[in-house]
Amino acid sequence: MADSNGTGAESDYDRIGGGPAVRAVVERFYELVLADADLAPFFVGVDMTSLKRHQALLISQVLGGPAEFTGRELRAAHADLPITAEHFGAVVAHLVAALTEAGVPPEVIARVGAALGAAEKDIVTHPVG
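Residues numbered from 1 in each chain as written. Predicted model: local features only at pLDDT ≥ 70, side-chain atom pairs only at ≥ 80, totals over all residues. Heavy atoms only, no water.

1. Considering the side chain of D36
At step 1: Positionally, D36 belongs in the loop between α2 (18-34) and α3 (48-62).
At step 2: Although D36 lies buried, it forms no salt bridge, and the closest oppositely charged side chain, R28, sits 12 Å away as judged by the N-O distance.
At step 3: Among the polar contacts listed, one links the side chain of D36 to the side chain of H94, at a separation of 2.8 Å. (Helix = DSSP H or I, 4+ residues; strand = E, 2+ residues; numbered from the N terminus. Buried < 20%, exposed > 50% of the residue type's maximum accessible area, 1.4 Å probe, protein only. Lys, Arg positive; Asp, Glu negative; His and termini not counted. Salt bridge = Lys/Arg side-chain N within 4 Å of Asp/Glu carboxyl O. Polar contact = N/O pair within 3.5 Å; in protein donor to acceptor, adjacent residues only side chain to side chain.)

Next up, the structure:
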């Protein structure tokens, strides 16, 4: 099966079921995040519909799907938020849980984790909690 980028190899995006699977993962991810007392305050007053759409586009791109993400750079989007390494770790744990619950293969989750690890420096604005 050709991937969404036309390279001929099946992408992680295609392997997990494409857009519908990504949207389901994003929905579950935000259920977990908003239920987390340490993370929920970051989302007060946030347009969750828009945020979920942006997150689905970003995750799709990370998985090798359509490169349609046009949101702000990660650093700019998180610059005014007091995000610690602990907050970042909790978000990653919730995303891994959502991916695992959706039956995403461990090697795909590992690649998503590697992409998140590379982005940590742009998201963590307060390294010391």
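2. As for the packing of aromatic side chains
At step 1: One pass over the structure, following the stated rule, counts two aromatic pairs.
At step 2: Geometrically, the ring pair formed by F29 and Y30 is edge-to-face, given 4.7 Å between the ring centres and 65 degrees between the ring planes. Each member of the pair, F29 as well as Y30, is classed as buried.
At step 3: With 5.9 Å between their ring centres and 75 degrees between their planes, Y30 and F43 make a pair best called edge-to-face. Of this pair, Y30 sits in helix α2 while F43 sits in the loop between α2 and α3; the two residues are 13 residues apart in sequence, bridging distant segments of the chain.
At step 4: Put simply, the rings of F29, Y30 and F43 touch in pairs and so form one group of aromatic residues. (Phe/Tyr/Trp six-rings, centres within 6.5 Å; stacked < 30°, edge-to-face > 60°.)

3. With respect to helix α5 (residues 85-101)
At step 1: Between its terminal C-alpha atoms α5 stretches 24 Å, which fits the 24 Å expected from 17 residues at 1.5 Å a residue.
At step 2: Among the residues of α5, H87, F88, H94, L95, A98 and L99 are the ones counted as buried. Take α5 and look down its axis: the buried residues cluster within an arc of 135 degrees, on one side only. Those residues of α5 that are exposed and aimed more than 90 degrees away from the buried face are E86 and E101.
At step 3: Packed against the buried residues of α5 are α2, α3 and α6 (106-123).
At step 4: Of the residues flanking the end of α5, it is G103, one or two places downstream, whose phi is positive at about 80 degrees. (Expected span 1.5 Å × (residues − 1). Arc of directions from axis to C-beta. Contact = heavy atoms within 4.5 Å.)

4. Considerations on the packing of α5 against α6
At step 1: Packing of α5 against α6 leaves a shortest axis separation of 11 Å and a crossing angle of 160 degrees. Relative to α6, the element α5 is oriented roughly antiparallel. For the crossing formed where α5 meets α6, the hand is right-handed. Counted together, A85, F88, V92, L95, V96, L99 and T100 of α5 and I109, V112, L116, E120 and I123 of α6 form the full contact between these two elements.
At step 2: Tallied by class, residues from the contact of α5 with α6 come to ten nonpolar, one polar and one charged. (Axes fitted to C-alpha atoms, helices over the stretch in contact; angles between N-to-C directions. Parallel < 35°, antiparallel > 145°, perpendicular 65-115°, else oblique. Left-handed = near helix turned anticlockwise from the far one by under 90°. Nonpolar A, V, L, I, M, F, W, Y, C, P; charged D, E, K, R; others polar.)

5. A word on the environment of G103
At step 1: Mapped onto the secondary structure, G103 falls in the loop between α5 and α6.
At step 2: Residues G103 and V25, spaced 78 residues apart in sequence, show a C-alpha to C-alpha distance of 9.9 Å.

6. Examining the confidence of the model for the protein
Reading fine detail from the predicted coordinates is not recommended where pLDDT is low.
At step 1: With 89% of its residues at a pLDDT of 70 or more, the protein has an overall mean of 89.
At step 2: Mean pLDDT across the secondary structure elements of the protein bottoms out at helix α4 (residues 74-78), with 83, and peaks at α2, with 97.
At step 3: A low-confidence stretch, residues 1-5 (pLDDT under 50), is modelled with 20 contacts involving residues beyond four sequence positions or located in other chains. (pLDDT = per-residue confidence, 0-100.)

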